[in-house]
Amino acid sequence: MDRVSSFDEPLLKLLGGATAKVMAEHLDLHTVGDLLHHYPRRYEERGKLTALADLPLDEHVTVVAQVADARILMFNNGRGKRLEVTLTDGSGRLQLVFFGHGVHKPHKELLPGRQAMFAGKVSVFNRKMQLAHPTYQLLDASDADEATEAVDAFAGRLLPIYPACKQLDSWRIAKAVDAVLPSARDAVDPLPASLREGRGFTPLPEALLKVHRPQTKADVEDARARLKWDEAFVLQVALARRRYADAQLPAVARRPVADGLLDAFDAKLPFTLTEGQEKVSKEIFDDLATEHPMHRLLQGEVGSGKTMVALRAMLTVVDAGGQAAMLAPTEVLAQQHHRSITEMMGELAEGGMLGGSDRGTKVVLLTGSMGMAARRQALLDLVTGEAGIVIGTHALIEDKVQFHDLGLVVVDEQHRFGVEQRDALRSKGKQPPHLLVMTATPIPRTVAMTVFGDLETSVLDQLPAGRSPIASHVVPAKDKPHFLSRAWERVREEVGNGHQAYVVCPRIGDDAEEAGGKGGKKTKAKKQAADEDPEKRPPLAVLEIADELRKGALAGLGVEVLHGRMHPDAKDDVMRRFAAGDVDVLVATTVIEVGVNVPNATAMVIMDADRFGVSQLHQLRGRVGRGSAPGLCLLVSEAHEASPARARLSAVAATLDGFELSRIDLEQRREGDVLGQAQSGVRSSLRMLTVIDDEEVIAAAREEAVAVVAADPELEHLPELRTVLAALLDKDREEYLDKG
């Protein structure tokens, strides 16, 4: 067997069909290598029992505990049997329950004093924690042979507890790992020898043995330190190669031109740029002036003026004879950008038109719902070069769209665009265009290094002069209903002072959303469940809340709705009237989350705020306080005071610092959501590395990776590293990163 193939061997060969099928379907484990990289979540010490007091509700758990007592109870006039077993561990008690024919075996085996591992889903019955029909494995078998085996397997060792699923318990996974563990010695070591020796790392085969079958806690520490490095280093090498390859591509340098469009635009600005905007603009102009494509991520606090920086970059490219395209995630946002950019530019956006400036250019909008004639004209303006700037949705990517000379692509809200879409637009330039990616969700430095490692990063963290602070408060609607009444009074007061307000709901509440054949009985049952537990009710809906407000708390005010399923013309009409001040209160879904700019809107009430993520709440809140009057954001929630959801809302209310909130968000959600699509170019998502805790490892691995790639871009002298990269980045994923 050669060195790689043992890791590539299908689990089906070694474990048998049923186990392999469950592993593939429920744990995404297909090969020996996959299983060896399925690391224990934690370890139990023999003799030290799990704290039953800390069991999480509704989660699949594995506990080690002792049987305190067991009794069979009859019910249904003696026709039914139930076995109840009480477990103890010194910290608390837990009840197990078995029904019907399932009571015989545990009744014989789970005798008082016996110790075992139990796995199941924690539920509550009669206000007591319980596991119904758990699977279990005795740790002190009665049969002599079994006892020896159990002692060999468990005595004096740390018991690995694996991430498991309902169909496969932790100890069954441990048995499967035993079957593949001999293959660990075939592990291909990705770290260059000099790096491995320089940092004194445990060899990889040994690290794999230690992580799965540690003798001591020091073994676990050793193994983790090594395996974290592997993950960080291989990922950073992939990104460093990507950056290196980009730097070799040719691009047209777009240098600023004196007395051009940019100078004319700057001259008519009614305010001065912030220091941050000046600094970031210079970084971008320097990149645009080089002969390989810029790849820059522009992170900015909500309202820090990213659009202004992007527009100045676009004007520079137009001055240099090229065209610029701005890609927005939604039609509402594309229209909003088009409106604000043409307003900022004035006659400079009317090049070639009557009354337009002779230094101006045309700024066109291109979205999927445009009428045929307007669309035809926009396409013509792009292909002739008449339009220097185009703003649109993914409609820009269609084959029909041709540019005269595309020089810059600006992508707004990167996380909503697939890399393939970005790439399709980039392929429309004669040579690769420059790329500026903007995000209003501040990203902790480590996440930026891990996810956007192929982009240079600029950060705007100052708010422009004249922006007002936003006061945020949590409104506990369930505990203190009068607080909610006061919230609506505050909205009335803001409108009375000549301002406007947003009310945001998680759901639309239209027929399309409700479709799916929900019977009346089901709805009734749901309603009953919702009355007992607010977490169970469906999230509040735009159409229902708007209706309630028109008839009740906000009667007499102009209340309108905005959501994603409205016809584009209707959406645009509502946004225009809201921007013009003709609508007092806009009840909307998160379509207003990004980029919507109405300086006169000063108040926002977010219903069911606990149903949104931290970053999303921060984004939404950024829609108010955009003018000179102070902003107010009220986070309405029925969550209990002690719940994690309320803690999250209090964190949002306590700080306006997006970077601080993004750290809190990441600590609560961990990596999965954050790395999401951006990481999907990598087969093994991070298993050992945690982006938020391992900042130093990531930074050091990035440094080493850059040095390795600079010295040997093709990794010719590092065949092992090449092998591991090839396994990590299969063909689709390699292309995916290449398009990054």
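Because the structure is predicted, anything quoted here is derived from the model rather than measured.

1. Some words on the overall build of the chain
The helix and strand tally for the chain stands at 29 helices and 21 strands. Considering only intrachain contacts with a sequence separation of at least 6, the fraction spanning at least 24 residues in the chain is 74%. Element-wise, carbon and sulfur atoms account for 51% of the exposed surface of the chain, whose accessible area totals about 33,300 Å².

2. Side note on the pairing of strand E13 (residues 406-412)
Most of E13 is tucked away, with 7 of its 7 residues classed as buried. One ladder, built from 5 bridges, connects strand E10 (residues 323-327) with E13; its direction is parallel. Each bridged residue has a counterpart across the sheet, and for Met326 the counterpart in E13 is Val410. Here E13 pairs with strand E14 (residues 434-439) via 5 bridges, running parallel. What sits directly across from Leu408, in E14, is His434.

3. Details of the pattern of salt bridges
Oppositely charged side chains can pair when the atoms bearing their charge come close. Under the definition given, this model contains 34 salt bridges. For the salt bridge of Glu25 with Lys21, the shortest nitrogen-to-oxygen distance reads 3.4 Å. Residue Glu25 and its partner Lys21 are both found in helix H3 (residues 17-27); the two are separated by 4 residues, about one turn of the helix. Owing to a relative accessible area of 53%, Glu25 belongs among the exposed residues under this scheme.

4. So, the environment of Thr361
Mapped onto the elements, Thr361 comes out in the loop between helix H14 (331-345) and strand E11 (362-366). On the accessibility criterion, Thr361 (6% relative accessible area) is buried. Taking C-alpha positions, Thr361 is 9.4 Å from Gly385, a pair spaced 24 residues apart along the chain.

5. Points about the sheet that holds strand E9 (residues 295-300)
Where strands meet in a sheet, backbone hydrogen bonds hold them as pairs that are either parallel or antiparallel. As summarised here, the arrangement of the 7 strands in space is E11-E12-E10-E13-E14-E9-E15, forming an open sheet in which the pairing is parallel. The outermost strands of the open sheet, each flanked by one partner alone, are E11 and strand E15 (456-460). This sheet shows a mean twist of 20° between the axes of neighbouring strands, independent of strand direction. Across 5 bridges, the pairing between E9 and E15 is parallel. Directly across from Gly300, in E15, lies its bridge partner Leu460. Packed onto the sheet, H14 meets E10, E11, strand E12 (387-392) and E13 and runs at close to 170° relative to E11.

Cut-offs applied
- Residues numbered from 1 in each chain as written.
- Predicted model: local features only at pLDDT ≥ 70, side-chain atom pairs only at ≥ 80, totals over all residues.
- Heavy atoms only, no water.
- Helix = DSSP H or I, 4+ residues; strand = E, 2+ residues; numbered from the N terminus.
- Contact = heavy atoms within 4.5 Å.
- Areas by Shrake-Rupley, 256 points an atom, 1.4 Å probe, with all protein chains shown as cover.
- Buried < 20%, exposed > 50% of the residue type's maximum accessible area, 1.4 Å probe, protein only.
- Pairing = 2+ DSSP bridges.
- Salt bridge = Lys/Arg side-chain N within 4 Å of Asp/Glu carboxyl O.
- Axes fitted to C-alpha atoms, helices over the stretch in contact; angles between N-to-C directions.

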